[in-house]
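# Secondary and tertiary structure notes
So you can see what is in the structure, the chains are spelled out below.
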Amino acid sequence: MNILLINGPNLNLLGTREPEIYGNKTLSDIEQDLTKVALEKSINLECFQSNHEGEIVDKIQDSVKSIQGILINAGAFTHTSISIRDALIGSKIPFVELHISNIFRREDFRKESFLTDKAIGIISGFGISSYSLALEGIIGYLSSKN
């Protein structure tokens, strides 16, 4: 099983960006930890991060034939990107939306997501554990479909 982890804008700053909200672990730390968990479950996890909307759209489109599930922390694009939403819908790849912070306890503009209604699930507010919870969720979902 092949799963793609997509991280959007500014998530490359994890570890230094607002540690009181996002914690002290870097994106590389998170990716390494999640890759270990995936390997223990015989899952191939591909990690991708971009600050550019079009690159994320391209990555989703390029994944149609090789990826069975997507984990996406779209960062600020969660609240702004119709093109990422359309790429996810068009790919027909099941996806889990994830957020480190609880977006529903933050600024009003962060409470709106262009992805939630099309996601198979959303994990929000569990810190970096949101990543492992999302991985467990997508694995369970995909396993139940086989």
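Residues numbered from 1 in each chain as written. Predicted model: local features only at pLDDT ≥ 70, side-chain atom pairs only at ≥ 80, totals over all residues. Heavy atoms only, no water.

### Quick word on the overall build of the protein chain
Applied cut-off: Numbering of helices and strands runs from the N terminus; a helix is a DSSP stretch of H or I covering at least four residues, while a strand is a stretch of E covering at least two. The globule rule used here is 2.2 Å times the number of residues to the 0.38 power, and the radius of gyration it is set against is calculated over C-alpha atoms. Note on contacts: a residue pair is in contact if any heavy atoms of the two residues lie within 4.5 Å.
Looking only at helices and strands, the protein chain features five helices and five strands. In the protein chain, the succession of helices and strands from N to C terminus is β-α-α-β-α-β-α-β-β-α. Expected size for 146 residues packed as a compact globule is a radius of gyration near 15 Å; at 14 Å, the protein chain falls within 12% of this value. By principal-axis analysis of the C-alpha atoms, the protein chain measures approximately 40 × 30 × 25 Å. Restricting to contacts in the protein chain with at least 6 residues of sequence separation, those with at least 24 account for 75%.

### Here we look at the nonpolar core
How we decide: Definition of nonpolar core: a set of buried residues of the types Ala, Val, Leu, Ile, Met, Phe, Trp, Tyr and Cys, connected through side-chain atoms within 4.5 Å. Per-residue accessibility, obtained with a 1.4 Å probe over protein chains only, is compared with the maximum for each type, and a residue is labelled buried under 20%, exposed over 50%, and partly exposed between these values.
Formed by 22 residues in total, the largest nonpolar core has its most connected members in Ile-3, Leu-14, Leu-71, Tyr-131, Leu-135 and Ile-138. Ranked by residues supplied to this core, first place goes to helix H5 (residues 129–145) with six residues.

### Quick look at the pairing of strand S3 (residues 69–73)
Formally: Strands were regarded as paired on the criterion that DSSP finds at least two bridges between them. Handedness is read with the strands pointing away from the viewer; a crossover is right-handed when the path from the first strand over the helix to the second is clockwise.
The buried fraction of S3 amounts to five of the five residues, a majority that puts the element mostly inside the structure. Residues Gly-69, Leu-71 and Asn-73 point to one face of S3 and Ile-70 and Ile-72 to the other, with burial holding for every one of them. Relative to S3, strand S1 (residues 2–7) runs parallel, the two being bridged by five bridges. Bridge assignment links Leu-4 to a residue of S3, and that residue is Ile-70. Relative to strand S4 (residues 95–99), S3 is paired through three bridges, and the arrangement is parallel. When the bridges of S4 are listed, Ile-72 appears paired with Glu-97. For the segment spanning S3, helix H4 (residues 82–91) and S4, crossover handedness is right-handed.

### Some details on unusual backbone geometry
Even without being glycine, Asn-10 reaches a positive phi, approximately 75°. With respect to the helices, strands and loops of the structure, Asn-10 is situated in the loop between S1 and helix H1 (19–22). Phi is positive for Lys-92, which is not a glycine, with a value near 60°. Among the structural elements, Lys-92 can be located in the loop between H4 and S4.

### Some details on the environment of Asp-117
As a reminder, the rule being used: Here a polar contact is taken to be a pair of N or O atoms separated by no more than 3.5 Å, where protein atoms must pair a possible hydrogen donor with a possible acceptor and residues adjacent in sequence count only if both atoms sit in side chains.
Position of Asp-117 among the secondary structure elements: in the loop between S4 and strand S5 (121–124). Taking C-alpha positions, Asp-117 is 9.9 Å from Glu-97, a pair spaced 20 residues apart along the chain. Engagement of the side chain of Asp-117 in a polar contact is seen with the side chain of Arg-85, the distance being 2.6 Å.

### Quick word on the sheet that holds S5
Rules: Angles run from 0 to 180 degrees between N-to-C directions of axes, and those axes are lines fitted to C-alpha atoms, restricted for helices to the stretch in contact.
One open sheet holds the five strands; their spatial order is S2-S1-S3-S4-S5, and the pairing between them is parallel. The open sheet terminates on both sides in strands that have one partner only, identified here as strand S2 (44–49) and S5. Between one strand axis and the next, the sheet turns through 20° on average, direction left out of account. Across the sheet, helix H2 (residues 27–40) touches S1, S2 and S3, and the angle it forms with S2 is around 165°.

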